[in-house]
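# Chain and residue survey
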Amino acid sequence: MTDLRLNEDASLDPKCWQSVRDEAHRMLDDILNHVQDCRKETVWQPLPEHVRNSFRSSVPLEPSPLAEVYQTFHESVRPYCAGNIHPGFMGWVQGGGSVVGLLAEMLAGGLNANLGGRDQAPLEVEKEVVEWMRQLFRFPDTSSGLFVTGSSIANFIAILVARNASLQKARKHGMLSSSKQLTAYTSQAAHRCIAQALDMAGIGSQWLRKIPVDEHQRVELGALENAIQADLEQGNLPFCIVGCAGTVDVGAIDNLTSLRKISDQYGLHFHIDGAFGALALLAPTIAPKLAGIELADSIAFDFHKWTQVPYDAGFILVRDRAKHIASFESPADYLSRDPRAMSAASPWPCDLGPDLSRGFRALKTWMTFKVYGTRQIGRVMEQNCRLAQYLADRIRADDSLELLAPVPLNIVCFRYRCANADRVNQDIVAAVQRSGSVAPSSTRINGVLAIRAAIFNHRTTTHDIDQLLDQVLCHANDLAASSQQSLGTHLDH
Ligand SMILES: *Cc1c(COP(=O)(O)O)cnc(C)c1O
């Protein structure tokens, strides 16, 4: 006879909880020290080869002590991040995180809640944040919102909602259900994820019309209308305008009220990519620049950027919940709802986006907003903008430097004036990043290579701005001289 006694010892819970507790407290202390002392470390340092190679082992079949694995994290992962928690980090548009966010991530990890749906308090937390966003953007109570990874996906969701509202058969029959070509419109300064969204939506990125911008990098309204009319004359089907509330290169904000009017005139969905800019509504001195944002049909934005919530926490807000649900609800027997039991509380987040299993991103956002209060978060944004103005002033006052774009918010694009400027400035950015004290990035403004300082970190001070200019100027002299020399040798031959 078979022995039915099972040997049930496969659980992953610790055999000795006390030793795990001791380890856990040490980890918490270490990571708090890491955040507390981040200014003392380098922003970024190149990964040593032996560290890179240490991540090349085979699948771990056998167990290892927690302390040993943690030690590897502590020595080989923790010191070699891209450095966005550091006050000297100014490369790209990234948030600095916070201690409250760190703790919330730990708590969410313990709950291991799956927020795809069902009747549970974590979803009430998410709904409360959705409601805060609805109020902040003055959307009607028939609107809907959803946490996603980031604005790339939030913008994609908005394009799908807009596409399906125009082409109701698209979900079932695909794009060939229309004889007309869908077309969308955005500024030349828009983020690459907008074209990618059209691509992923099966529309094709070439049907995103990239409209020229004015000297403030805002979309040209006349050119926009001309493009829409040209498409109509060609028999195309315009369906969406994507406005920018904070462009990634310079932080430009389109004329949102005018974009609403044009959208209405042609019956188009008006979406706004407000990845970092939209939440600047929390800062009373910046909010007026966002006039008209409350008129959008949908807004994509990130809590993980200017509001300092740890990665990842993006969000999509949609004015018309019915359209939002119509784009994603997909009946399945195993996801049926029963108002008397766990499967109550319909609609579920899985009816509003492509993810079924979802983590508890709402908790770190909810705790960040509650603990700091939105006034304090708004003050961080205002401080970042003041630092950007301080940097712009110092650049204007220095003849060897040139400001390359207006500074409407917290992003400053500039360069060192010299021969062979594109190459030299690219070299300056690399040298400054390798210095470890401060890290700008680069972009192109009107075809010209720019050093870009995007000031999003709540820890950044004038000291870091001074460091940036010191570093740029210190490397610039050497690099410009050696570039002249190599240019000279090149011409000699
Ligand atoms: C960061 C950013 C995005 C992309 O957002 P992710 O959260 O990185 O996916 C889109 N648009 C703008 C303007 C951004 O700054």
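Up top is the structure.
What counts and how
- Residues numbered from 1 in each chain as written.
- Predicted model: local features only at pLDDT ≥ 70, side-chain atom pairs only at ≥ 80, totals over all residues.
- Heavy atoms only, no water.
- Near = heavy atom within 4 Å.
- Polar contact = N/O pair within 3.5 Å; in protein donor to acceptor, adjacent residues only side chain to side chain.
- Areas by Shrake-Rupley, 256 points an atom, 1.4 Å probe, with all protein chains shown as cover.
- Nonpolar A, V, L, I, M, F, W, Y, C, P; charged D, E, K, R; others polar.
- Patch = residues over 30% accessible without salt bridge, like charges linked within 9 Å, V, L, I, M, F, W, Y side chains within 5 Å.
- Salt bridge = Lys/Arg side-chain N within 4 Å of Asp/Glu carboxyl O.
- Helix = DSSP H or I, 4+ residues; strand = E, 2+ residues; numbered from the N terminus.
- Buried < 20%, exposed > 50% of the residue type's maximum accessible area, 1.4 Å probe, protein only.
- Contact = heavy atoms within 4.5 Å.
- Core = buried A, V, L, I, M, F, W, Y, C linked by side-chain atoms within 4.5 Å.
- Expected span 1.5 Å × (residues − 1).
- Phe/Tyr/Trp six-rings, centres within 6.5 Å; stacked < 30°, edge-to-face > 60°.
- Lys NZ or Arg CZ within 6 Å of the ring centre and 35° of its normal.

## A look at the site of the ligand
The local shell around the ligand holds 13 residues, among which Ser 152, Asp 273, Asp 302, His 304 and Lys 305 are the closest. The side chain of His 304 places a nitrogen or oxygen atom 3.0 Å from an oxygen atom of the ligand. Expressed as a share of its isolated accessible area of 380 Å², the protein-covered part of the ligand is 85%. Considering only residue class, the shell around the ligand consists of 4 nonpolar, 6 polar and 3 charged.

## Looking at a nonpolar patch on the surface
Taken together, Phe 55, Phe 73 and Val 77 make up a surface patch of nonpolar side chains, about 240 Å² in accessible area. The topology assignment puts Phe 73 in helix H3 (residues 66-77).

## Some thoughts on the pattern of salt bridges
Scanning the entire structure with this criterion turns up 22 salt bridges. A salt bridge links Arg 26 to Glu 23; its shortest N-O distance comes to 3.6 Å. Linking Arg 26 with Glu 23, this pair stays in helix H1 (residues 17-36), spanning 3 residues, or about one helical turn. Ionic pairing is found between Lys 40 and Asp 37, a salt bridge with its closest N-O pair at 3.5 Å. Overall, the relative accessible area of 70% leaves Lys 40 in the exposed class. Salt bridges sharing partners connect three or more residues here, namely Arg 260, Asp 264 and Asp 297.

## As for the side chain of Asn 457
Assignment of secondary structure puts Asn 457 in the loop between strand S11 (448-454) and helix H14 (462-492). Among the polar contacts listed, one links the side chain of Asn 457 to the backbone oxygen of His 86, at a separation of 3.1 Å. Look past the residues within four positions of Asn 457 in its chain and what remains in contact with it is Asn 84, Ile 85, His 86, Pro 87, Gly 96, Gln 308 and Asn 384.

## Structural notes on the nonpolar core
Phe 137, Ile 293, Phe 301 and Phe 303 are the most contacted members of the largest nonpolar core, which has 62 residues in total. Elements represented by at least two residues in this core include exactly helix H4 (99-111), helix H5 (121-136), helix H9 (221-233), helix H10 (256-266), strand S5 (269-273), strand S6 (298-302), strand S7 (314-318) and helix H12 (361-396). Membership of the second largest hydrophobic core comes to 33 residues, among which are Ile 157, Leu 167, Leu 198 and Val 318.

## Things to note about helix H13 (residues 421-435)
Taking 1.5 Å per residue as the helical rise, H13 with its 15 residues ought to reach 21 Å, and the 21 Å between its terminal C-alpha atoms agrees with that figure. Among the residues making up H13, those that are buried are Ala 421, Val 424, Asn 425, Ile 428, Val 429, Ala 431, Val 432 and Gln 433.

## So, the packing of aromatic side chains
Within the structure shown, the criterion is met by 13 aromatic pairs. On the basis of an interplanar angle of 35° and a centroid distance of 6.4 Å, the ring pair of Phe 89 and Trp 92 is categorised as tilted. When its relative accessible area of 4% is taken as the criterion, Phe 89 is described as buried. When the ring of Phe 303 is compared with that of Phe 369, the centres are 5.6 Å apart and the planes differ by 85°; the resulting orientation is edge-to-face. In this pair, Phe 303 is assigned in the loop between S6 and S7 and Phe 369 in helix H12, connecting sequence segments 66 residues apart. The same class applies to Phe 303 as to Phe 369, namely buried. Taken together, the aromatic side chains of Trp 132, Phe 137, Phe 147, Phe 301, Phe 303, Phe 315 and Phe 369 make up a single cluster linked through ring pairs. The ring of Phe 139 is capped by Arg 319, whose NZ or CZ atom sits 4.5 Å from the centre of that ring. Over the ring of Trp 348 we find Arg 337; its NZ or CZ atom is 3.9 Å from the centre of that ring.

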